Amino acid sequence: MSSAPIQLRQLIPIVKLSKPGSTQHFSDRLAAAIEREDVAAGIFLFPALLILGVFLAFPIIYLGYLSFTGGSFTRAGVHWVGVKNYLRLLLTPDFWQVIGNTLYFTIGTVLPSIAIPLGLAVLLVGNLAFTGIFRTIYFIPSIVSLVAAGLGFRWLFQVDGAINQLLGNVGIEKIAWLSDSFWAMPVIILLSVWKQIGFNLVVFLAGLQAIPRNRYEAAELDGANKWQQFRYITWPGMRSTLIFAAITTTIFTLKSFEQVYVITGGGPLNSTNLLVYYIYDRAFAQFDFGYAAAAAMVLLAFTAGLVYLQLQTSTQE
């Protein structure tokens, strides 16, 4: 530790100043400033903060500005309309249908995306044979492109697809999965759950491995069965991990776009139109950028609230 100041002073160029002794004084002050932890941290953080400011903060600020404007990016330009776009959101039936679709999709995706990998993690954390192979198999969907997976699901659930062929083999009539407003959303949910299971499984395995094994050994000595161990040891010990997984999965569902774009395009009858796809359609198909920006600010508010909840939970833990 004592050699650091000497090395820093050697690296600092000696600048000739008019007053005698001022060079050494300047060198000492500069070295002391660099050695301060807050200054060093600021130097290292500045490039990352600059990138975040350019590519995150500025777009959010500009998005907020666009939500109070009308027009398009043409020679006519945009003009200030105040809160008109937000009032249009409140008075547009399609927007509320999209909010309902997004809520249905979120609940239908988050619950099984938590329950299924949690059960698998409890099984895999034990002394099962081929545990490593099973972990790899379950994680594969997480690294598959959503576009590629969406194309695969669209092929599987076509009227003449593999799923209907299997149903036909057991005497069930063909179902128009993707053109029926009742069945289209479950297909999108199934794809999203399949995609999210692997990530949550890894998170839950890490959480389970962090629980001391001696708690389970003591519970077994006291005669606790597997369900009691799960209820009184695993569940409380996994509380922060479960909250983290639930919030990240909810954010994943709120920003879902590829599934709808590739499989249904928001149809049939707007039944699978989610908020992100709705924003995309209003902005880049109908060129109503102000209205789309207002809808995007609503999505941003939801997401920011979830992030705040996660931070509060982490702080309490």
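Residues numbered from 1 in each chain as written. Predicted model: local features only at pLDDT ≥ 70, side-chain atom pairs only at ≥ 80, totals over all residues. Heavy atoms only, no water.

S.K.: What exactly am I supposed to notice about unusual backbone geometry here?
M.R.: Residues other than glycine predominantly adopt negative phi, and peptide bonds predominantly adopt the trans conformation. The omega angle of the peptide bond from G267 to P268 is -5°, so this bond is cis rather than trans. Relative to the helices and strands, P268 is located in the loop between α13 (258-263) and α14 (275-284). Of note, the phi angle at L269 is positive, near 55°, even though the residue is not glycine. Here L269 shows up in the loop between α13 and α14. Judged by relative accessible area, L269 falls into the exposed class, the value being 75%. Positive phi, normally seen in glycine, also occurs at N270, with a value near 65°. (Helix = DSSP H or I, 4+ residues; strand = E, 2+ residues; numbered from the N terminus. Buried < 20%, exposed > 50% of the residue type's maximum accessible area, 1.4 Å probe, protein only.)

S.K.: Mind showing me how you'd approach the layout of surface pockets here?
M.R.: Over the atoms, a rolled probe matching the size of one water molecule traces out where space is still vacant. Approximately 330 Å³ is the volume attributed to the largest pocket. Looking at the largest pocket, it is lined by 13 residues, and the ones nearest its centre are V122, R213, Y216, K226 and Q229. Elements represented by at least two residues in the lining of the largest pocket include exactly α5 (93-124), α10 (213-221) and α11 (226-237). Its residues placed into classes, the lining of the largest pocket shows six nonpolar, three polar and four charged. (1 Å grid on protein atoms, 1.4 Å probe; cavity = no way out; pocket = protein on both sides within 12 Å on 5 of 7 lines; lining within 4 Å. Points joined across faces, edges and corners; volume = space filled by probe spheres on them. Nonpolar A, V, L, I, M, F, W, Y, C, P; charged D, E, K, R; others polar.)

S.K.: Before we go on, may I ask you to explain the nonpolar core in this structure?
M.R.: Inside soluble globular proteins, nonpolar side chains tend to come together where they are buried. Residues L89, F95, W177, F204, M238 and I279 are the most contacted members of the largest nonpolar core, which totals 58 residues. Considering every element that reaches this core, the biggest residue donor is helix α9 (residues 184-209), with eleven residues. Not counting chain neighbours up to four residues away, the residues in contact with I279 comprise A292, A295, A296 and L299. (Core = buried A, V, L, I, M, F, W, Y, C linked by side-chain atoms within 4.5 Å. Contact = heavy atoms within 4.5 Å.)

S.K.: It is not clear to me how the environment of T264 should be interpreted in this structure. Could you clarify?
M.R.: Mapped onto the fold, T264 is located in the loop between α13 and α14. Distance from T264 to V187, taken between C-alpha atoms, is 9.7 Å for residues 77 residues apart in sequence. Contacts of T264, omitting those with residues within four sequence positions, involve A184, I188, Q259 and T272.

S.K.: When you look at the side chain of T249 in this model, what are you seeing that I'm missing?
M.R.: With respect to the helices and strands, the residue T249 is situated in helix α12 (residues 239-254). Residues in contact with T249, not counting those within four places in the same chain, are V110, S113, I114, Q196 and N200.

S.K.: What is the right way to look at the environment of S113 in this model?
M.R.: Position of S113 relative to the elements: it lies in helix α5. Taking the relative accessible area as the measure of exposure, S113 reaches 0% and is therefore buried. Placed 85 residues apart in sequence, S113 and G198 show a C-alpha to C-alpha distance of 9.2 Å. Apart from the residues within four sequence positions on either side, S113 is in contact with V193, Q196, N200 and T249. There is a polar contact of 2.6 Å between the side chain of S113 and the backbone oxygen of T109. (Polar contact = N/O pair within 3.5 Å; in protein donor to acceptor, adjacent residues only side chain to side chain.)

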